[in-house]
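Chain residues, written in single-letter form:
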Amino acid sequence: MRPMPKRFAALRSRARASGAACAVLATVVPAFTLGIGVAPAAAAPLPGGLGPCVPGNCPDPFPGINNGPLAGRDNGINIFVGDDFLVRGRAAEAEGRVVVLDDFDQDKDPEAGQTYNLGIVGVGSRVPPPNGADFLTTGGNVTIAPGETLDTTGGIVGEQGVVRHAGTQSGTVSGTLVQDPEAVAPYAGLRDQLTEASQCYARPDGTLRTPTGTAVNQGTQTLFTGDGTSSLQVFNVDFDMTGPTGGQQGVVFEDIPADATILVNVIGADRTINTYSGGIDDATDPLNAYRERLLWNFPDATTVDLSGTGQFQGSFLMGEQSSMTTVTLPGVNGRFFTTGSVTHTSAAAGGGGQEFHAYPFDGDLPECGGPQPVTGEVRVLKSDAETGEPLAGADFELWRETNNMPGLQTTGTVPDTLVTTCTTPTTGICTATTNPGTYYWRETEAPDGYDLPDPAVFGPLTLTEDNADTGVQTEALNTQAPVTPTTGSLTLDKTDAKNGRPLAGAVFELWRESNDVPGLQTTGADPDTLTDAGCSTDGAGQCTFDDLPLGEYYLREIAVPEGYVLPANPVSGPFEVTEANSSEGVTVELSNKRGEPCKGKDCKDGTHKSAHA
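Everything numeric in this text was worked out from a predicted model, so none of it was measured.

Enquirer: How should I be thinking about the state of the cysteines in this particular structure?
Expert: Cysteine pairs can be covalently joined through their sulfur atoms, and such a bond is termed a disulfide. Tallying each qualifying case throughout the model produces 3 disulfides. Put simply, C53 and C58 are joined by a disulfide, and their sulfur atoms are 2.1 Å apart. Where C53 bonds to C58 through sulfur, the torsion about that S-S bond is close to -90 degrees, and the disulfide is left-handed. Two residues share a disulfide in this structure: C535 and C543, whose sulfurs sit 1.6 Å from each other.

Quick look at the structure:
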């Protein structure tokens, strides 16, 4: 067998053209509907643009299986499940982005490690999704068994993904949880497209696709022999790839041209691959060389078992929507797309640590429909106006210019068209993949602590066929909102000391403690601060001092209502205005005594003798 050098298809080159500086936060959205019965041609990717690495920061080439530092970022979907994703037994990890149209359910063997790593894993390609992107998206529930953890951090400080779920969530998740009823809306049509594509790859006109080579189960191995020339090598397999008694066997390819795509159509209702082929070290197992151009297509199977001891190589497509695929292989290295359900588990006889590893599929497959419409990315970068740092938590709407009126119109009889909404993650970038046209980003809510820009519309951005490869981007700057200091209030209730009735006409000064000397000092070189020179109680006996900075205050009574006497000590306090009581304010109750009738020889009619409160 001739070793096959790495290849990166034209589609992936186009996808990477935007460069590492432009982090892509929204994955590829289905852009066309596949047809059946179209004449085959080796010129197309998987539906919806699935397969290649989605930039940001795609390594070239992808590293082999390792546990070294993170090697790049890939925001493409690595695992798509049209029904349920079940984690059982001793399964350990699923690397890359995962989209599940129904439920994600984790209930491992109680004697196994109780964590399932998703997005970032310990061993794999070490190319996770962008930090803060959606690592798991479900259209149903996320259920983690008691005592277990779904971990999106990979044990790396500062790293974590978003678990976006349309249904309920229970159990422990290390990551950001977002309940979103529309979580899988962008991917809902993808399931049928994958089913149609799977059938088309196997039966373009209703009959089995003409192979370019042969596949023979020789007992100890299944040998795939190509024609040595075709850029698309097609093999049809109508048997289980197992040994004579169902045991493990090798998987070997021969006469495959360099850079060719390999399509293996595995036909039949129930199929098993039980293999030791595929290795941790790319240099030691020839199967690894085909990894990113090899697709295992199961168009019919309702039951698929992937077992053995190999680090199996290549991507998988299960087209039967009622199917259940059970994966007990130690490693699956490539994209994994099933329109049915998958159970990631371990063999009953023991052994654990089963893993999905994220690797792109860069092959050119048969064209199964009309030409794909040109699409590209429309992006907005949210940044701090002063520091230039990206900002998370800004809400945006993307509008398409459709009413032929200058500028953006969001209301009225003929508004422009709302395309999508987005909240910026930690990268500060919202992205939408869409058709050529003119677009506006409209910010509807600023991040916490920031003012909404005025105006809050950014654009126009014009996406064309010429710039669709790189996309178009604008920057939205936000300034921090002024910090309003916390203030409080102090309300005085003045009453008659004898009967408790409110007293009007008592006058008080308000002093702020400012010299750090206990008690009130109104004179001298460093007195306290007079905040209010006089407030007179109203008919309800009240006087309120508003907008007071936090601190300690004194009240000094300087005049009393008629018929009442000034207290011997007219100063009361200190009263503390704090952040804790700033909303309800501080209330102080003070009373005055009436003056006693004068009985001395110096008294005149109507006068009163002084009394003390």
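Still more ground to cover, so stick around.
Enquirer: In this structure, what is going on with the nonpolar core? I would like to understand it.
Expert: The tendency in soluble globular proteins is for nonpolar side chains to be buried as a group. F85, F253 and W296 are the most contacted members of the largest nonpolar core, which totals 50 residues. The contacts of F85, once residues within four sequence positions are left out, are I79, V98, V100, D103, F104, D105, Y116, V342, H344 and F356. In this structure, L46, V99, L101 and L232 belong to the second largest nonpolar core, which totals 22 residues.

Enquirer: What's the story with the sheet that holds strand β34 (residues 429–434) in this structure? I'm lost.
Expert: With mixed pairing, the 3 strands of this open sheet are ordered in space as β34-β31-β37. Each of the sheet's edge strands pairs with one partner strand only, and the pair in question is β34 and β37 (472–478). Between one strand axis and the next, the sheet turns by 15 degrees as a mean value, whatever way the strands run. Both strand β31 (residues 376–384) and β34 contribute to a ladder of 6 bridges, which runs antiparallel. Pairing of L381 across the sheet is with I429, part of β34.

Enquirer: How should helix α2 (residues 190–202) be read in this particular structure?
Expert: Because each turn of an α-helix spans 3.6 residues, side chains separated by three or four positions in sequence point in the same direction. Compared with the 18 Å implied by 1.5 Å per residue over 13 residues, the 18 Å span of α2 between its first and last C-alpha is a close match. Burial analysis of α2 places 10 of its 13 residues in the buried class, which makes it a mostly covered element. Inspection of α2 places L190, R191, Q193, L194, T195, A197, S198, C200, Y201 and A202 among the buried residues, and these make up the whole buried set. The inward-facing, buried residues of α2 contact β2 (77–81), β19 (261–266), β21 (294–298), β24 (315–318), β27 (336–338) and β30 (365–366).

Enquirer: Mind showing me how you'd approach the environment of N569 here?
Expert: Checked against the element boundaries, N569 lands in the loop between β42 (551–559) and β43 (571–577). Expressed as a C-alpha distance, the spacing of N569 and E557, which sit 12 residues apart in the sequence, is 8.8 Å.

Rules of the game
Residues numbered from 1 in each chain as written. Predicted model: local features only at pLDDT ≥ 70, side-chain atom pairs only at ≥ 80, totals over all residues. Heavy atoms only, no water. Disulfide = S-S within 2.5 Å. Core = buried A, V, L, I, M, F, W, Y, C linked by side-chain atoms within 4.5 Å. Buried < 20%, exposed > 50% of the residue type's maximum accessible area, 1.4 Å probe, protein only. Contact = heavy atoms within 4.5 Å. Pairing = 2+ DSSP bridges. Helix = DSSP H or I, 4+ residues; strand = E, 2+ residues; numbered from the N terminus. Axes fitted to C-alpha atoms, helices over the stretch in contact; angles between N-to-C directions. Expected span 1.5 Å × (residues − 1).

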